[in-house]
Amino acid sequence: MAITLMPLPYAEDALSPAISATTLQTHHGKHHKTYVDRTNAAIEGTDLAGKSLEDLIAAAEAKGDKGLFNNAAQTWNHAFYWNSLSPAAQAPSGDLAAAIDAFGGLDALKAELAAQGAGHFASGWVWLTVKDGKLAVEQTHDAATYSSLSGTPLLVIDLWEHAYYLDHRNVRPDYLKAVIDGHLAWDFAAANLASGSVWSYPA
Ligand code: MN
């Protein structure tokens, strides 16, 4: 069974103007789809065909197969990113809210996400993670994914230029502010915190 392109969990215009329909059409329909297609092309006819995406990522890392790793990890990262975004602003609650209080409060956490996202050099991702109940903000470069993090991922924001250039041109901080203030899916983060394990790509 091939890896499938996870559908967007909302309409293409649902995040506008922070992220426009045009950006989502290209980012999901072209970039993400290409990562899926290249992953499937790499495993077709091999003993990896039929494996879960997480198994493909682990196998690519074990074999040092950079091509498969980049495409499989980017397939995973983008699906996690779509789920990390919400059409409507949300507020953290329950155990997540308590963990955010322990971090220093929601404003401090938002500021740390914005600062690390803006400061990240070139392409990559900024993550909210948890380890032993303690929240942290972490960064990964290029296609690097959950396997490079110290903690379990709760949320991610794409820092590649294709994520924001059509809407915010070179001003990455504007994209980050619009996403962090209005479109983070705190309920997805709370579900990941409650599960205590790395989210699974839908089969
Ligand atoms: Mn992307």
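Residues numbered from 1 in each chain as written. Predicted model: local features only at pLDDT ≥ 70, side-chain atom pairs only at ≥ 80, totals over all residues. Heavy atoms only, no water.

(A) Expanded view of helix H2 (residues 53-63). Among all positions of H2, only Leu 53, Glu 54, Leu 56, Ile 57, Ala 59 and Ala 60 are buried. Where H2 terminates, the next one or two residues include Gly 64, which has phi positive at roughly 65°. (Buried < 20%, exposed > 50% of the residue type's maximum accessible area, 1.4 Å probe, protein only. Helix = DSSP H or I, 4+ residues; strand = E, 2+ residues; numbered from the N terminus.)

(B) Structural detail: the coordination of the manganese ion. Looking at the manganese ion, one finds its protein donor set to be His 27 (NE2), His 78 (NE2), Asp 158 (OD) and His 162 (NE2), positioned 2.0 to 2.1 Å from the metal centre. Taken in chain order, the donor set of the manganese ion reads H-x50-H-x79-D-x3-H. Taken as a pair, His 27 in helix H1 (residues 21-43) and His 162 in the loop between strand E3 (152-158) and helix H6 (165-168) lie far apart in primary sequence, 135 residues in all. His 162 matches His 27 in its accessibility class, with the two residues each being buried. (Donors = N, O, S within 2.8 Å, 3.2 Å for Na, K, Ca; no water.)

(C) The arrangement of the domain arrangement of the protein chain in detail. Domain assignment breaks the protein chain into domain 1 (21-83) and domain 2 (94-195). Taking only C-alpha atoms, the centre of domain 1 and the centre of domain 2 are 21 Å apart. With 18 residues of domain 1 in contact, the opposing surface of domain 2 contributes 23 residues. Buried surface at the junction of domain 1 and domain 2, both sides included, amounts to about 1,700 Å², of which 64% is carbon and sulfur. Counting the surface domain 1 buries against domain 2, the share from its top three residues, Thr 23, Phe 80 and Tyr 81, is 37%. Where domain 1 touches domain 2, the interface holds 0 salt bridges. Where the side of domain 1 that touches domain 2 is concerned, the elements lending two or more residues are H1, H2 and helix H3 (66-84). Among the elements that line the side of domain 1 that touches domain 2, the one with the most residues is H3, at 10 residues. A per-class count over the side of domain 1 that touches domain 2 returns 7 nonpolar, 9 polar and 2 charged. (Domains from an automatic or database assignment. Contact = heavy atoms within 4.5 Å. Buried area = accessible area lost by both parts, 1.4 Å probe. Salt bridge = Lys/Arg side-chain N within 4 Å of Asp/Glu carboxyl O. Nonpolar A, V, L, I, M, F, W, Y, C, P; charged D, E, K, R; others polar.)

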